[in-house]
Structure formats: C-alpha cells, structure tokens
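Topology and contacts: notes
The residues making up each chain are set out below.
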Amino acid sequence: MRGSAPPLGRLVPRRAREGERPVGVPLPLRLPALLALALIVLPVLGLFARVDPARLPTLLTGPAALTALGLSVRTALAATLLALLLGGPLAVVLARSRFPGLRFVRGCVLLPLVLPPVVGGLALLYLLGRTGPLGGPLRDWFGLSLPYTTAAVVLAQTFVAMPFLVVSLEGALRAAGTEYERVSATLGAGPWLTFRRVTLPMLLPALGSGLVLTFARALGEFGATITFAGSLRGTTRTLPLAIYTEAQADVDAAVAMSLLLVAIALLVILVARPKAVEGRG
Amino acid sequence: MAEHTDDATSATGRSSREAVAPASGHGPTGLTAEVRLRRGDFTLDMACRVRPGEVLAVLGPNGAGKSTLLTALTGSVRPERGRVSLDGRTWLDTERRIDVPTHRRGVGLLAQRAVLFPHLTALDNVAFGLRTAGVRRRPARRAALEWLRRTDTGELSDRRPAELSGGQAQRVALARALAADPELLLLDEPLSALDVATAPAMRGLLRRVLGEQRSPCVLVTHDVLDAVVLADRVVVLDRGGVVEQGRTRRVLARPRTAFTARIAGLNLVNGSAAGDSVETPRGGVVHGGVVEPAGRGEPAAAVFPPTAVAVHREVPEGSPRNAIPVRLVGMEPRGDAIRLRGETDPSEPETALAADVTPAAVAELGLRVGDEVFFAVKATEVAIHPVSDG
C-alpha cells in the first residue's frame, strides 16, 4: 500500500486497462446523445456564423462593449472574493461541525442553485430596498442605499455564484476526511494552526476549481442583477445585460459581445479545468 | 489498582498541561488511565498504568476495544466516565469536567496507515511537530533530518509522501511522531498494513527506538509477536474488558485464561542471543533462524508454534533438531490434537512450553502427566527475536 493510496472505503473508479475494448454503448442511446451534443454546440457555432469577422474588432472595442466588459470583470472578481471570504468559512462549518439543523442549513445553501435568479434578485430587492427590513435601517442610519448600484451587482452575483464555491469546498473537505487533522492535533497543532498548515494546503486544488466556477457563474449572471441592480450604463450594466440591451438595437454588437463571453467560458473550461465540470471531482 | 488512587486525590489544578503537580512528588509517574466508554452495543471498561519508558501492549481480537482505548487517550473521543493522567497532570477527569484537547496533551500517534501530510516533503512532515512547538524552520529541519536518519530514511527527506513505499512512509511517520517529543506514545497496529517483507524490519526499528524512549508507550496490536518483541507488559482485552494482564513473558508463556492461550498460541524460550541461537539461563540452547539480529548476550527469545513440536521419550537423532527436556504438567484436548504442557524449570513455571500432538502419538508413547520427555522442534521452525526486557 503506497502512501498516496486513498482512504479505505472510498470508491475509486477502475482505470481502463491498456488495449482493453471499451464497454459498448447500446444503439438506441447513440442518436439522442448526438442530438444532445448538437443542441449545445450548434447554437454556439451559429453565433460565429452570424458575425462578420471584419467588423469584430470595431464592435468589441466600442465604448459600450468595453465599459460593460470592464464592469463585468470587476464585479465578478469582487463577487468571487466575497464568496471566498464568506462561503469558504461556511463550507468548513458545514463539513466539519455537527449541530441540529445541519441538513436544513445545507439545503438552504443550495437554494440559489435551484431558484430562478430573477426570484433571487427580487428577494434581495425587498430585503435591501428603501423600505425593506434591512434596507430601511441601512438608509436611515448610514445613508446607504444599495439597489441600482455597482455594489448591488456584486451582491446579486455573490448570491447566485457562492453556492458553487461552498459545494465544491465542502465536498473536498468531506472527501479529505478528518484523519490528517487528527494527526496534526497529536503533533501539537491547535485548530487554527491545523486549518492553516494542513486543511488549507490540501484544499488548494478544489479551491482553485471552485473559484473558477464561481467567477464564471458571476460573470454570466443576468436575472438577479437586472432585478436588483437594474441596467444602468457604466454602473450596473454588465456584459450579459449589455448583450440583452444591444440585441434590441444592434444585433451584430450583441453577437460580438456574446462571442466574448463564449471565449471566456472556453478559457475557463480548457485552462482551469474545474474538476466538477470534468466529472472526476 | 490501589496504587493510583493517590494520584488524583491531591490533584486540584485546572485543565492545562502544567496545572496539576505530580501527586507523589518524585518525578514522572507515567500514564494512569481508567476509561468507561460505550460504542454501539459494547462497552469498553478498563484501567491501566504505564510507567515512564515502559511499553504496554494491548492485545485482543478485532472489536475488543483496543483502538477505542487509544481514541480516549488521544482525546478524540470523550468517555462516559474516566480519568486519564500523565506524570500527575490530568488530561481527563469526567467527574471534575476536565478534558484537555488533543493538541495540548502531547500524545504521539503512529497508526496503521502513515497519514503523512501529502503537501509536505518527508522532512517537513517530521519537522511539523517541532514547528508547532515554536522551533524555527532551520533548527526544526536539522532535528527532523536527524530523526529521519534514526529511522533509516535520511535519504528520503526531499520526497513527497506519494513517492514513498508503504514501509518508508511508516518509518517517516514514526520519525514524525517521535520528533514532536511526545509525553505519551501510542502505536495503533503500526505493522498491520505492511507486507510480510517489510514488517520485520519495521518491528526491529520500533524495538530499537522504543528502547531509547523515556515516555510511556501503549501499543495496540492483534499480533502476539509484536508484544513479544516490543512490550514489557501486556493487557489482554476481550469484548471491552481486561481478561488478563502482567509481564509479557508470564502472560504469554503461562496464560491464565483459555482466551489468552488461544490468542497467545506461541512458545517462547527466553534467554540471551548467541548468533542463530538463544542460550537459556540454565544452559540450554535453542537454534533457529534470525529474524532481526540481536547483539551477543542481549535478551532474545526463540519463538515457535506448538504445532511444530514433536514429543520423544529419548533424545531424538538428527542435528537440525532442538530437543528440550521437559516434565509434562498438563494435557488437554484441542480440536483434533492434544495440547501438552511441559515445564522446563520447576522453579520458573512461566517457562512452560506447549506442544500440539495427535492422540495417536500420545497413546503410542503412553504419555502421562508427570513424565519426563523431550520436546523436539526443527531449527527451521524456530524464529529468533530480540526482545524487550519484559
């Protein structure tokens, strides 16, 4: 048994042996599989067909597109950071503590994944709006008004994207088990030191892929943003919102910006290779 | 167990490592533990005491509660009732609500698997405990390298755990546990995950290292050989309770319960090492194969199973055979065979040996209790091990 062997009791998929014939796929499954792939790939290819390559540089460097891109990148980065600072600790609490209602809390974390983003945006609006139970006091005491600001964009994106980080980190923590942390304690390391020296370094790969997924989700956020933050050019009109707005007037510009998002998405999948996406988490 | 009541009565401090002064007042007193812990439908209920530098083997079948005891000592599980103290400092006292967390106890743990931190090199794994104790990086690494050398893994210091074999990883894990200078060393089946080829060398290393340890050590194992080679005393657990305890040699050579006899199941001839043989204090010599070399004159034991013994009325012919003169003191059926017990030295009843022979052989030789006979065993069936002084 080698040192790197996985803990007993964890299922390890058997690797295909060299020269082994693949397990056959029944015929009735092949056509639907092909259609599924076509449904994903063809529309994206259609985007490329729609755009005139000669006009692409001008369309992409237009002020509307550049402003939206800049705002998107800044807000998505801020949302990813916020998700890390808040969602990271939440993942550790969910994976490592035991308290009544833990299952319920875990279910709540999944809510934004299942909920239509528009509903999330509406919920944020009523909580933090001028007359909302939290928004009212914020305005009265601190003069803060969140809706229709860039901060609202970040909040909306965090709401929708944070569960991706929490779920992937919690899964990695559970898979790693507590064995290493117990050994660390016998070596005199308290909980905080153990977290920094043992848990965190072992979590880095999962953290990387979780952050990439979170960033990608935040970048593409539309529903919650438009409901909670509106579509104000320069302050809340992110790339997806700009695409939606432009599609009414200048279709070519909308398509060009869409291609930009497609390019970023491909980059995320090919370069960062989030494990959850590749199905070998 | 009257001796350890005085430990707790005068101890009044709080739950930190230095809070409670040793009750006796003269130096380290070792480990005292009384634990009652329910796990599912079985309850571990036992008490033990391990002196400084002493190795206590906890023997028993799977599910006897051996590893549960260790979880109570490390503090990863809180017993329903119990008291654990080390050198007079209280780690656990359920009545006084003292429960020192694992990282302030100073326990070193070597488990079945090495559990090396995968993101650190072998060297940094070993330096981990020193670093948490506040030692600076460079001196910590120097000391860690020294510990790697002591466990014969000095040349592996730059390797990651994934690049180590099971036996190498276990040696590094031992170095890591010892480098933290534990006040109590716990070994949880440290050899059971190793293959037949690497286990004897690791056992030999443990024996060498444990001989130099001043802290008490608790060794959990299901292998009698581990106890023979490493332990001064043994506690035999069955279904959560102690069925027998005492010095290793006595408990294994003369089990008081059938249960211990069943798990013991090995003959031991103790003496001093002399090449590929053991010389007994009364001048006898038993030849065998050397498993782990011992220096001439060091304590050693010849170990062989009762099934390897043949019984003769006269000294048998043939050079590779050992013939040990015994007086039969017991005869009982054991499955298809009959187990004979033979005393080699009436003044030391714990040196009795067992032989499993067929009923036909017993009838043919007309064996009776009290007869003077020879137990013969081939040298190839005998393993020579260096042993602890117990």
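Residues numbered from 1 in each chain as written. Chains lettered and ligands numbered in written order. Predicted model: local features only at pLDDT ≥ 70, side-chain atom pairs only at ≥ 80, totals over all residues. Heavy atoms only, no water.

1. A look at the sheet that holds strand S17 (residues 310-312) of chain B
Hydrogen bonds along the backbone pair up the strands of a sheet, which may run parallel or antiparallel. Residues and elements named next belong to chain B. Sheet architecture is open: five strands sit in the order S17-S21-S18-S19-S20, paired in antiparallel fashion. One side of each edge strand has no neighbouring strand; the edge strands of this open sheet are S17 and strand S20 (353-357). Pairwise comparison of adjacent strand axes, ignoring direction, gives a mean angle of 50° for this sheet. As defined by bridge partners, strand S19 (residues 337-343) adjoins S20 across five bridges and the pair is classed as antiparallel. Its bridge partner lying in S20, Arg339 is registered against Asp356. (Pairing = 2+ DSSP bridges. Helix = DSSP H or I, 4+ residues; strand = E, 2+ residues; numbered from the N terminus. Axes fitted to C-alpha atoms, helices over the stretch in contact; angles between N-to-C directions.)

2. Description of the nonpolar core
All names here are of chain B. Formed by 53 residues in total, the largest nonpolar core has its most connected members in Val126, Leu174, Leu187, Met202 and Leu206. Split by domain, this core shows at least three residues from each of two domains, domain 1 (10-106 + 182-263) and domain 2 (267-386). With residues near it in sequence (within four places) discarded, Leu174 still touches Leu110, Thr151, Met202, Leu205, Leu206 and Val209. (Core = buried A, V, L, I, M, F, W, Y, C linked by side-chain atoms within 4.5 Å. Buried < 20%, exposed > 50% of the residue type's maximum accessible area, 1.4 Å probe, protein only. Domains from an automatic or database assignment. Contact = heavy atoms within 4.5 Å.)

3. What about the sheet that holds strand S12 (residues 267-274) of chain B?
All names here are of chain B. If you walk across this open sheet you meet the six strands as S14-S13-S12-S16-S22-S15, and the pairing is mixed. One side of each edge strand has no neighbouring strand; the edge strands of this open sheet are strand S14 (285-287) and strand S15 (289-290). In the sheet, S15 pairs with strand S22 (residues 383-386) via two bridges, with the strands oriented parallel. Residue pairing for S22: Val290 is matched across the bridge by Ile384.

4. Quick notes on the pattern of salt bridges
Counted according to the given criterion, the structure contains 27 salt bridges over all chains. With a closest N to O distance of 2.8 Å, A:Arg55 and A:Asp252 form a salt bridge. Placement of A:Arg55 in the loop between helix H1 (27-50) and helix H2 (56-60) and of A:Asp252 in helix H12 (residues 251-272) is noted, with a sequence separation of 197 residues between them. Its relative accessible area of 35% is what places A:Arg55 among the partly exposed residues. A salt bridge links B:Arg203 to B:Asp223, with the nearest nitrogen and oxygen atoms 3.6 Å apart. Here B:Arg203, found in helix H6 (residues 199-212), pairs with B:Asp223, found in the loop between strand S9 (217-221) and helix H7 (224-230); they are 20 residues apart in sequence, far enough to count as distant. (Salt bridge = Lys/Arg side-chain N within 4 Å of Asp/Glu carboxyl O.)

5. So, the interface of chain B and chain A
The interface is formed by 24 residues belonging to chain B together with 23 residues belonging to chain A. Summed over both sides, the interface of chain B with chain A buries roughly 2,200 Å², with 65% coming from carbon and sulfur. The tally of links between chain B and chain A comes to one salt bridge. The set of elements that each furnish at least two residues to the side of chain B that touches chain A consists of strand S7 (107-110), helix H3 (122-132) and helix H5 (166-179) of chain B. Here the element with the most residues in the side of chain B that touches chain A is H3(B); it accounts for four residues. Across the side of chain B that touches chain A, the residue classes break down as 12 nonpolar, eight polar and four charged. (Buried area = accessible area lost by both parts, 1.4 Å probe. Nonpolar A, V, L, I, M, F, W, Y, C, P; charged D, E, K, R; others polar.)

6. Description of the layout of surface pockets
Size it by volume and the second largest pocket reaches roughly 1,300 Å³. Elements supplying a minimum of two residues to the lining of the second largest pocket: helix H3 (63-96), helix H4 (102-114), helix H8 (179-186) and helix H9 (191-219) of chain A together with helix H2 (66-74) of chain B. For the lining of the second largest pocket, the element with the most residues is H8(A), which contributes six residues. Among the residues forming the lining of the second largest pocket, the class breakdown is 18 nonpolar, 15 polar and 11 charged. (1 Å grid on protein atoms, 1.4 Å probe; cavity = no way out; pocket = protein on both sides within 12 Å on 5 of 7 lines; lining within 4 Å. Points joined across faces, edges and corners; volume = space filled by probe spheres on them.)

7. Focus: the packing of aromatic side chains
Residues and elements named next belong to chain A. Summed over all chains, the structure comprises four aromatic pairs over all chains. Seen in terms of ring centroids, Trp192 and Phe195 are 5.8 Å apart; in terms of plane orientation they differ by 15°. Their pairing is stacked. Here the residue Trp192 and the residue Phe195 both occupy positions in helix H9, the gap between them amounting to three residues, near one helical turn. Note on Phe222 and Tyr244: the rings are 5.2 Å apart at their centroids and 65° apart in plane angle, and the pair reads as edge-to-face. Of this pair, Phe222 sits in the loop between H9 and helix H10 (223-228) while Tyr244 is found in helix H11 (residues 239-249), placing the two residues 22 residues apart along the sequence. Judged by relative accessible area, Phe222 falls into the partly exposed class, the value being 27%. (Phe/Tyr/Trp six-rings, centres within 6.5 Å; stacked < 30°, edge-to-face > 60°.)

8. Looking at helix H7 (residues 150-176) of chain A
Because each turn of an α-helix spans 3.6 residues, side chains separated by three or four positions end up pointing in the same direction. Residues and elements named next belong to chain A. Helix length check: H7, at 27 residues, gives a terminal C-alpha distance of 38 Å against a target of 39 Å (1.5 Å per residue), a fit within 8%. The principal kink in H7, of about 40°, is found at Ala161, preceding the proline Pro163 by one to four residues. Where H7 terminates, the next one or two residues include Gly177, which has phi positive at roughly 75°. (Expected span 1.5 Å × (residues − 1). Bend = angle between axes of the 7 residues up to and from the residue.)

9. Quick notes on the pairing of S19(B)
Residues and elements named next belong to chain B. With six of its seven residues buried, S19 lies for the most part within the structure. One ladder, built from seven bridges, connects strand S18 (residues 321-334) with S19; its direction is antiparallel. Within the sheet, the bridge partner assigned to Arg327 lies in S19 and is Glu343. What sits between the antiparallel neighbours S18 and S19 is a turn of two residues, in which Gly335 has the positive phi angle 65°.

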